[in-house]
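Here are the chains, one letter per residue:
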Amino acid sequence: MSVEPEELGQSGEELAALLKAVRKRSGLTGTRIAARCTMSQSKISRIENGKVRPSLVDVEQFLRACDAPPALVAQVMALARLANTEWQGARGMRRKGLDKKQAELAGLEASSTEFRFFLLSMITGLLSTPEYIRASLAHIPGDHSKTIARKLERQQILYDRSKRFTFLLTEQAVRWPLVGPDVLAVQTDHLASLTHLPNVRLGVIPMAAPTGPAPLNTFTIYDDRIATVELSSGVMVFRDPRDVMGHLEEFGHLEARALFGQDARTFLGKCADALR
């Protein structure tokens, strides 16, 4: 199936209507389908009305309960995969206002418990000093005072002991000269200080560490339900459990090669000293 990026994530209503048609074609009521799927009838209703985005497992169970023929299963599952993959273009996010994206991220963080960040080339906003955040937005025209303020507000979540964070930074991300040496040294010291937070694991992957296949993108995993991948031109959002699991496996391989605790602090200290 050939798909344009802007089509991703926009097929939810079509999927809901198709599932409802499949169920009616089967001659079964929503209550009967719910019993066969071991779901509540209200969930089946919300799925059919487009109020809930069903996972691929939900869709598979629904189609099995309806005894859908193989060709129809293939059609619906292809649509379900599209509905569980979303493209957020950088130009569109800028038109809406980058501070709006910060509000979206804050909502996602509020609803999640465990976070895994792989940072390939830059330091994420949750770990950044104000100067680093400002420099990260300098290439984008406009006033970014609201976005900077929202990014700094979001950092408070690091002190919520009910949340668990693992950050993996490559040595390149730590050393990338986005700001001048003095400011980058302070940023590096800040990273080291965050390793003392009890609910934060901050690891650094030295360039000398063998990592196997080279990672291609920065990505974030929220619990085991959503993975986001950052590209220069935008963000891909994956909700398909297979995509999320693939990113969890990649994260595990990278995590095994990272320095944590005192080893990470020693490494970061050497990086900061070299900048001074």
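Before reading on, note that the structure itself is shown above.
Along every chain, residues carry numbers that run from 1 in the direction the sequence is written. Totals for whole chains, interfaces and linings use all residues, but because this is a predicted model, local features are given only for residues with pLDDT of at least 70 and pairs of side-chain atoms are given and counted only at 80 or more. Excluded from the side-chain calculations are hydrogens and water; all other atoms, namely the structure's heavy atoms, are used.

### Examining the overall build of the protein chain
The helix and strand labels rest on DSSP assignments: H or I over at least four residues marks a helix, E over at least two residues marks a strand, and numbering proceeds from the N terminus. Scanning the protein chain from terminus to terminus reveals 13 helices and seven strands. The principal-axis extent of the C-alpha atoms belonging to the protein chain is close to 75 × 40 × 35 Å. Only protein chains enter the accessibility calculation, which uses a 1.4 Å probe. A residue is then buried if its area is under 20% of the maximum for its type, exposed if over 50%, and partly exposed in between. Burial status across the protein chain gives 47% buried among its 276 residues. Contacts were defined at the residue level, with two residues in contact if any of their heavy atoms lie within 4.5 Å. In the protein chain, the share of contacts with a sequence separation of at least 24, taken over all contacts with a separation of at least 6, comes to 76%. Taken as a whole, the protein chain presents about 14,200 Å² of accessible surface, with 53% of it coming from carbon and sulfur. Under the convention used here, a 1.4 Å probe and the Shrake-Rupley method define accessible areas, while residue burial counts only the protein chains that appear.

### Quick look at the sheet that holds strand β3 (residues 164-170)
Hydrogen bonding along the main chain pairs the strands of a sheet, whether they run parallel or antiparallel. Pairing between two strands requires that DSSP report at least two bridges joining them. Ordered in space as β1-β7-β6-β5-β2-β3-β4, the seven strands form an open sheet in which the pairing is mixed. Only two strands of the sheet have a single neighbouring strand rather than two, namely β1 (85-89) and β4 (200-205). If you compare each strand with its neighbour and ignore which way they point, the axes differ by 10° on average. One ladder, built from five bridges, connects β1 with strand β7 (residues 234-238); its direction is antiparallel. Within β7, the residue paired with Glu86 across the bridge is Val237. Against the sheet, helix α7 (residues 98-110) contacts β1, β2 (114-119), β5 (218-222) and β6 (226-231), and its axis sits at roughly 45° relative to β5. To obtain each axis, a line is fitted to C-alpha atoms, and for helices this fit is confined to the stretch in contact; angles are then taken between N-to-C directions over 0 to 180 degrees.

### Some remarks on the layout of surface pockets
Of the voids in this model, the largest pocket is the one considered here, and its volume is about 1,200 Å³. A 1.4 Å probe that fits but cannot get out identifies a cavity on a 1 Å grid over protein atoms alone, an open set with protein on both sides within 12 Å along at least five of seven lines counts as a pocket, and a residue lines either if it has an atom within 4 Å of a point. Taken together, 44 residues line the largest pocket, and the ones lying closest to its centre are Met122, Lys151, Glu230, Leu231 and Val235. It is α7 that contributes the most residues to the lining of the largest pocket, seven residues altogether. Each residue is assigned to one class: nonpolar for Ala, Val, Leu, Ile, Met, Phe, Trp, Tyr, Cys and Pro, charged for Asp, Glu, Lys and Arg, and polar for all the others, Gly among them. Across the lining of the largest pocket, the residue classes break down as 20 nonpolar, 15 polar and nine charged. Grid points are joined across faces, edges and corners, and a volume is the space filled by probe spheres set on the points.

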